[in-house]
Amino acid sequence: LKGETASNSATMEQMKKILKPAFQMAFEDQLILQNPFCFTLSSVVSVKSETRDAISAKQMNDLLDFVQGNQEMGVYWEAFYILFHTGLRISEFCGLTISDVDMKERTINVNHQLVRYSDLGFQIETPKSRNGIRQLPMTDGVYKCFQGLIKQVMKRKTQPIVDGKSGFFYLDSKRQPMVVGGWEIIFRKAVKKYNEEHPHETMPDITPHICR
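Definitions and limits used
Residues numbered from 1 in each chain as written. Predicted model: local features only at pLDDT ≥ 70, side-chain atom pairs only at ≥ 80, totals over all residues. Heavy atoms only, no water. 1 Å grid on protein atoms, 1.4 Å probe; cavity = no way out; pocket = protein on both sides within 12 Å on 5 of 7 lines; lining within 4 Å. Points joined across faces, edges and corners; volume = space filled by probe spheres on them. Helix = DSSP H or I, 4+ residues; strand = E, 2+ residues; numbered from the N terminus. Nonpolar A, V, L, I, M, F, W, Y, C, P; charged D, E, K, R; others polar. Pairing = 2+ DSSP bridges. Buried < 20%, exposed > 50% of the residue type's maximum accessible area, 1.4 Å probe, protein only. Contact = heavy atoms within 4.5 Å. Lys, Arg positive; Asp, Glu negative; His and termini not counted. Salt bridge = Lys/Arg side-chain N within 4 Å of Asp/Glu carboxyl O. Phe/Tyr/Trp six-rings, centres within 6.5 Å; stacked < 30°, edge-to-face > 60°. Lys NZ or Arg CZ within 6 Å of the ring centre and 35° of its normal.

Asker: Any chance you could explain the layout of surface pockets here in plain terms?
Answerer: Empty space among the atoms becomes apparent when a probe as large as a water molecule is rolled across them. One number sums up the size of the second largest pocket: a volume of about 200 Å³. Every residue lining the second largest pocket is listed: Tyr-76, Arg-116, Leu-171, Asp-172, Ser-173, Pro-177, Met-178, Val-179, Gly-182, Ile-185 and Ile-186. Of all the elements, helix H6 (residues 180-197) adds the most residues to the lining of the second largest pocket, at 3 residues. Each residue belonging to the lining of the second largest pocket can be placed in one class, and the counts come to 7 nonpolar, 2 polar and 2 charged.

Now the structure itself:
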């Protein structure tokens, strides 16, 4: 029953994300008095989510060492490191741009997330809650990761733009900003490769959300 409730809630959230922009256009064109989909789903639907077990510090470090040393996965090492050491949601990380990272103050300004819908394409949205708007301090390791990523971004001849934002840190094969689904695939691939090379000390299923 819990699984069905969570699944129904996820479906309702997806429908809300599709309908909200459409009704917002109608509101801005003064066709309706207000957007009926400007509400938080949790305020009308109560869902008890299942707790996900965190991995150990050793497992985290073993995976980071493996990703860094693997020829194919090494290009994503900075992302793995940042996600493990900041607590960023993966959608927030996807939406980060150079302008959101203050290298002088060593802070990460989180005030939006990047999502992609099958029919609406890429969109910049506000975080899931008011508490989602925040400033995160950088550790020395995270600072060094962003130093390298910024250099890579600055080398690009063109930058994709989403809702006026550009300078995203990771692009996919189509030169578009990477989104949640792409990172979930990368994490699964990294764990699979690790387990193939370490059959006697395998990793559990590790998703970007586990990093939090």
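Asker: Mind showing me how you'd approach the sheet that holds strand S5 (residues 134-137) here?
Answerer: Two orientations exist for strands paired in a sheet by backbone hydrogen bonds: parallel and antiparallel. The 3 strands lie next to each other as S1-S2-S5, forming an open sheet whose pairing is antiparallel. The open sheet has two edge strands, strand S1 (101-102) and S5, and neither has a second partner.

Asker: Would you mind showing me how to read unusual backbone geometry here?
Answerer: The phi dihedral of Arg-106 falls on the positive side, at around 55 degrees, and the residue is not glycine. Inspection of the secondary structure puts Arg-106 in the loop between S1 and strand S2 (107-110). On the basis of relative accessible area, Arg-106 is assigned to the partly exposed category, the value being 32%. With a phi angle near 50 degrees, Asp-163 is a residue other than glycine that sits in the positive phi range. Of note, Asp-163 is situated in the loop between helix H5 (140-154) and H6. The exposure class assigned to Asp-163 is exposed, which follows from its relative accessible area of 56%.

Asker: Before we go on, may I ask you to explain helix H3 (residues 77-86) in this structure?
Answerer: In an α-helix there are 3.6 residues to a turn, and that puts residues three or four apart on one side. For H3, the buried fraction is high: 9 of the 10 residues fall into the buried class. Where H3 is concerned, the buried positions are Trp-77, Glu-78, Ala-79, Phe-80, Tyr-81, Ile-82, Leu-83, Phe-84 and Thr-86. At its buried positions, H3 is contacted by helix H2 (57-69), helix H4 (90-95), S2, S5, H5 and H6. Just downstream of H3 lies Gly-87, where phi reads positive at about 80 degrees.

Asker: Explain the side chain of Arg-156 to me, please; I cannot follow it from the model alone.
Answerer: For Arg-156, the position within the fold is in the loop between H5 and H6. For Arg-156, which is buried and forms no salt bridge, the nearest opposite charge comes from Asp-172, at a distance of 9.9 Å. Here Arg-156 is in contact with Phe-168, Phe-169, Tyr-170, Leu-171 and Arg-175, once residues within four sequence places are set aside.

Asker: Could you clarify how one ought to interpret the packing of aromatic side chains in this entry?
Answerer: Following the criterion strictly, the structure yields 9 aromatic pairs and no others. Ring centres 4.1 Å apart and planes at 10 degrees place the aromatic pair Phe-80 and Phe-187 in the stacked group. Highlighted residues: Phe-80 in helix H3 and Phe-187 in helix H6, separated in sequence by 107 residues. An identical accessibility class is assigned to Phe-80 and Phe-187; each is buried. Geometrically, the ring pair formed by Tyr-170 and Trp-183 is edge-to-face, given 5.0 Å between the ring centres and 85 degrees between the ring planes. On the criterion of sequence distance, the pair formed by Tyr-170 in the loop between H5 and H6 and Trp-183 in helix H6 is long-range, its members being 13 residues apart. In this structure Tyr-170 comes out as buried when scored by relative accessible area, which is 9%. By relative accessible area, Trp-183 is classed as buried at 1%. These aromatic residues form a ring-pair network of at least three members: Tyr-76, Phe-93, Tyr-170 and Trp-183. Between Arg-106 and the ring centre of Tyr-143, over which it is positioned, the NZ or CZ distance is 3.7 Å.

Read these as layout, nothing more, since geometry by itself doesn't imply function.
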